[in-house]
Amino acid sequence: MRKQIAAANWKMNLTLAQGEELMNEIVQANINMEKNQEAIFAVPFPYLITNKSITDKAKNFITAAQNCASENSGAYTGEVSCQMLQSINIKYVLIGHSERREYYNETNQVLVKKINQALQNNLKPIFCCGEPLLVRQAETQNAHIEMQLQESLFHLSTEQIKDFVIAYEPIWAIGTGLTASSAQAQNMHAHIRNVLANKYGQEIANSVSILYGGSVKAANAVEIFSQPDVDGGLVGGASLVANEFVEIIKSLKK
Ligand code: PEP
């Protein structure tokens, strides 16, 4: 079975001490992680090394970066490259979060460079896609997502897309308290899988984990994650509350 993943996105929140306290509380819950399940923590860059020392001690807990540079090295003040992330043994990186697209002008083309950087440095991208409210209201969300996948992922080989991780995050549901219904999530996830199947074949499409993101919380995680094409979630707000995120991890399909 493909991987089921609960991914926390701390964004620009928490001090180092607060982050450590949160992690310790989550680890102490002693969640029984199945072989196909992972709990991923995308923390701010300065916390990666300390956070990794905590996740390394818990089965299938993994520390991730929230972003990476589109270049490999050089005169790019303030940037963090995939080579640097690899050098501290980071395994996953979020790429294309809607906040990066919106506030830092990350286009589908910039994301191609970031994805290539990640793969060249043995990092697994968690590629985020999602439509704004106007697109959803116009009912053109399927075409919008297909375009994001085509422009940022379709240069990849079958081998590279196998076991890939995609997060579908409708922008109107991020941090708003609005959640896509489980039917809306399932429909879009099935569409994404279908788009991948048309390009790479059904077997490869079936290997891709597609996470849902947008106001996931303990109270709605079981229903959303139980949908056949939903393979877990990317979680912002609720990942900052230990017992919420513990319940979200426990809601993953086995
Ligand atoms: C996110 O930041 O990816 C996210 C889904 O946030 P929230 O869970 O707060 O909506």
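Throughout this document, residue positions are counted from 1 along each chain, in the order its sequence is written. Predicted model: local features are reported for residues with pLDDT of at least 70 only, side-chain atom pairs are reported and counted for 80 or more only, and whole-chain, interface and lining totals are derived from all residues. In computing side-chain properties, one takes all heavy atoms of the structure into account and sets aside hydrogens as well as water.

Chemist: For this particular structure, what's the right way to read the site of the ligand?
Modeler: Here, proximity means that at least one heavy atom of the residue falls within 4 Å of the molecule or strand. The local shell around the ligand holds 14 residues, among which Lys11, Glu169, Gly175, Ser215 and Gly236 are the closest. Polar contact is defined as a pair of N or O atoms within 3.5 Å, subject to the rule that within protein one atom must be able to donate a hydrogen and the other to accept it, and that residues adjacent in sequence are counted only when both atoms are side-chain atoms. Taking Glu169, its side chain carries an N or O atom lying 2.6 Å from an oxygen atom of the ligand. Measuring from an oxygen atom of the ligand, one finds a backbone N or O atom of Ser215 at 2.8 Å.

Chemist: Where do I start with the pattern of salt bridges in this structure?
Modeler: Side chains that carry opposite charge are capable of pairing whenever their charged atoms lie near each other. The term salt bridge refers to a pairing of a side-chain nitrogen on Lys or Arg with a carboxyl oxygen on Asp or Glu at a separation within 4 Å. What the rule picks out here adds up to 14 salt bridges. In this structure, Lys91 and Glu38 form a salt bridge, with 3.7 Å as the shortest nitrogen-oxygen distance. In this pair, Lys91 is assigned in the loop between helix H3 (82–87) and strand S4 (92–95) and Glu38 in strand S2 (residues 37–43), connecting sequence segments 53 residues apart. A salt bridge links Arg193 to Asp229; the shortest N-O distance between them is 2.5 Å. In this description a helix means any DSSP run of H or I spanning at least four residues, a strand means any run of E spanning at least two, and both kinds are numbered starting from the N terminus.

Chemist: Which parts of the structure should I look at to understand the packing of helix H11 (residues 218–225) against helix H12 (residues 242–250)?
Modeler: When two helices pack together, their arrangement is given by the angle between their axes and by how far apart the axes lie. Look at H11 against H12: their axes get within 9 Å of each other, and the N-to-C directions meet at 15°. Relative to H12, the element H11 lies roughly parallel. With respect to the hand of their crossing, H11 and H12 are arranged in right-handed fashion. On H12, the residues touching Ala218, Ala221 and Phe225 of H11 are Glu244, Glu247 and Ile248. Three classes are used: nonpolar for Ala, Val, Leu, Ile, Met, Phe, Trp, Tyr, Cys and Pro, charged for Asp, Glu, Lys and Arg, and polar for all others, with Gly counted as polar. Residues that form the contact of H11 with H12 fall into these classes: 4 nonpolar, no polar and 2 charged. For helices, the axis comes from a line fit to the C-alpha atoms of the stretch in contact; other axes are also lines fit to C-alpha atoms, and the angle between any two N-to-C directions lies between 0 and 180 degrees. Angle categories are assigned with fixed cut-offs, so that under 35 degrees is roughly parallel, over 145 is roughly antiparallel, 65 to 115 is roughly perpendicular, and the rest are oblique. By the definition used in this description, the sense in which the near helix is turned from the far one sets the handedness, with an anticlockwise turn below a right angle giving left-handed and a clockwise turn giving right-handed. In this description, contact between two residues means that some pair of their heavy atoms is separated by no more than 4.5 Å.

Chemist: Just checking my understanding: could you explain the side chain of Ser70 for this structure?
Modeler: Its location among the elements puts Ser70 in the loop between strand S3 (61–65) and H3. Think of it in three bands: with a 1.4 Å probe and only protein chains considered, a residue is buried below 20% of the maximum accessible area for its type, exposed above 50%, and partly exposed in between. Residue Ser70 is classed as buried on the basis of its relative accessible area, which comes to 19%. Not counting residues within four places of it along the chain, the set of residues in contact with Ser70 comprises Val110, Lys113, Lys114 and Gln117.

Chemist: What is the right way to read the side chain of Lys253 from this model?
Modeler: Residue position: Lys253 is located in the segment after H12. One buried charge, Lys253, has no salt-bridge partner; the nearest side chain with opposite charge is Asp231, at 4.7 Å. Here the side chain of Lys253 touches Val230 through a polar contact of 2.7 Å, landing on its backbone oxygen. When residues no more than four places from it in sequence are discounted, the contact partners of Lys253 are Met1, Gln4, Asn36, Gln37, Phe225, Ser226, Gln227, Pro228 and Val230. For the purpose of counting charges, residues Lys and Arg are taken to be positive, whereas Asp and Glu are taken to be negative. His and the chain ends are not included.

Chemist: Is there a simple way to think about the sheet that holds strand S7 (residues 209–213) in this case?
Modeler: Strands pair in a sheet through their backbones, by hydrogen bonds, and they do so in one of two ways: parallel or antiparallel. The strand order around the closed barrel built from 8 strands is S1-S2-S3-S4-S5-S6-S7-S8, with neighbouring strands paired in parallel fashion. Within this sheet the neighbouring strands show an average axis-to-axis angle of 25°, counted without direction. Note: two strands are recorded as paired if DSSP finds a minimum of 2 bridges between them. The sheet contact formed by S7 and strand S8 (residues 232–235) spans 2 bridges and is parallel. Residue Gly213 lies in a different strand from S8, and its bridge partner there is Leu234. Across the sheet, helix H7 (residues 141–153) is in contact with strand S5 (124–129) and strand S6 (165–168); its angle to S5 comes to roughly 150°. Against the sheet, H12 makes contact with strand S1 (4–9), S2, S3 and S8, and its axis sits at roughly 160° relative to S1, the strand it touches most.

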